[in-house]
Amino acid sequence: MHTSTTSTTLLFPLNATMADLTSSMVGQSGSRVAGLCRIVAPNIVHFLNQKWEFIGDKKSLATALQNITLIPTDILVDGISSRRPSVAQIMSWTADRKTTREEDQAYSLLGLLGVHMPMLCGEGKNAFRRLQEEIIRRFNDQSIFAWGHTWRSGWSNSLLADYPSCFRDCYNVVKMEPGDFMDTLRNDVPADELLKMPDNRLRTFSITNAGIEIWLPLARCSGSTSLFRAKLACRSESWTPVTIFLFHLQRVSSLP
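An unreviewed UniProt entry lists the protein under the name DUF8212 domain-containing protein, from Scleroderma citrinum Foug A.

What follows is the structure, given as structure tokens:
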């Protein structure tokens, strides 16, 4: 059996130590999306100062790196394939990162998400929308819609986020298995309706030429005729599914 190991080395200022690793990293890679790939992807990452003195590796510095990047320590230590994070979690790691070109925010996430799509120079924020569409085609992970679970995210006329920064509060959102999600619906959906529900209804959703086709359990918000709460098959700190708010927009009849 052949196994491969990749490694990388990151250099920091001459006086860099574990005590000031945080401030050094924010300048070098903490504020850059590309820096995340250099930390997560390799099996071994060494941190050295400019005198080539060893500061530590990503395993020994996992706690400090988590505080800087929000990447969980187990992923830093064991790799991203050891516990596949939710789409929302990965997006949250880049929420405050900067890129020279707007479209690079989307392109730099391709490797972390395991998604392939053509790069179009100058397309701007449309690249992030295309990225989300490719994710939906490849993965059945409703956490991609969890960016709207906090009021701070604001309102949008789309289920898709405009920018990675919309996922800032999703660092602890994890995907729920269909069976676990179904159990949480027993108080909201009649038992006979749950029994009749096709097995793939909760597991699949898709992009169509008319938009996103998805089944979500809805509950009307008190005092409103057009605002609904929708549960997603993902959760944050508790076992309660993440809830987003949806408006029902009345169609305006065309003028004669």
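Tell me about the side chain of arginine 235, and please be specific about residues and values.
You can see arginine 235 is positioned in strand S8 (residues 227-235). Comment: no salt bridge for buried arginine 235; closest opposite-charge side chain is aspartate 180, at 6.7 Å.

Now, about the environment of aspartate 74: what can you tell me, with residues and values included?
One can find aspartate 74 in helix H4 (residues 73-78). Taking relative accessible area as the criterion, aspartate 74 reaches 28% and is therefore assigned partly exposed. Separated by 12 residues in the primary sequence, aspartate 74 and alanine 62 place their C-alpha atoms 8.2 Å from one another.

Before we move on, can you summarise the pairing of strand S9 (residues 241-247) with the specific residues and values?
Across six bridges, the pairing between S8 and S9 is antiparallel. Paired with arginine 229 across the two strands is phenylalanine 245, which belongs to S9. Linkage of S8 to S9, two consecutive antiparallel strands, is achieved through a turn of five residues.

Go over the nonpolar core with me, naming the residues and quoting the values.
Among the nonpolar cores identified, the biggest contains 48 residues, and Met91, Leu113 and Leu131 are the most heavily contacted of them. Apart from residues no more than four positions distant in its own chain, leucine 131 is found in contact with Met91, Ala106, Leu109, Leu110, Leu113, Val115 and Met117. Within the second largest apolar cluster, nine residues are counted, among which are Met176, Phe181, Met182 and Met197.

Which residues make up the side chain of glutamine 89, and what values do they have?
Along the polypeptide, glutamine 89 turns up in helix H5 (residues 87-93). Apart from residues no more than four positions distant in its own chain, glutamine 89 is found in contact with Arg83, Cys170, Tyr171, Asn172, Val173 and Val174.

Analysis parameters
- Residues numbered from 1 in each chain as written.
- Predicted model: local features only at pLDDT ≥ 70, side-chain atom pairs only at ≥ 80, totals over all residues.
- Heavy atoms only, no water.
- Helix = DSSP H or I, 4+ residues; strand = E, 2+ residues; numbered from the N terminus.
- Buried < 20%, exposed > 50% of the residue type's maximum accessible area, 1.4 Å probe, protein only.
- Lys, Arg positive; Asp, Glu negative; His and termini not counted.
- Salt bridge = Lys/Arg side-chain N within 4 Å of Asp/Glu carboxyl O.
- Pairing = 2+ DSSP bridges.
- Core = buried A, V, L, I, M, F, W, Y, C linked by side-chain atoms within 4.5 Å.
- Contact = heavy atoms within 4.5 Å.

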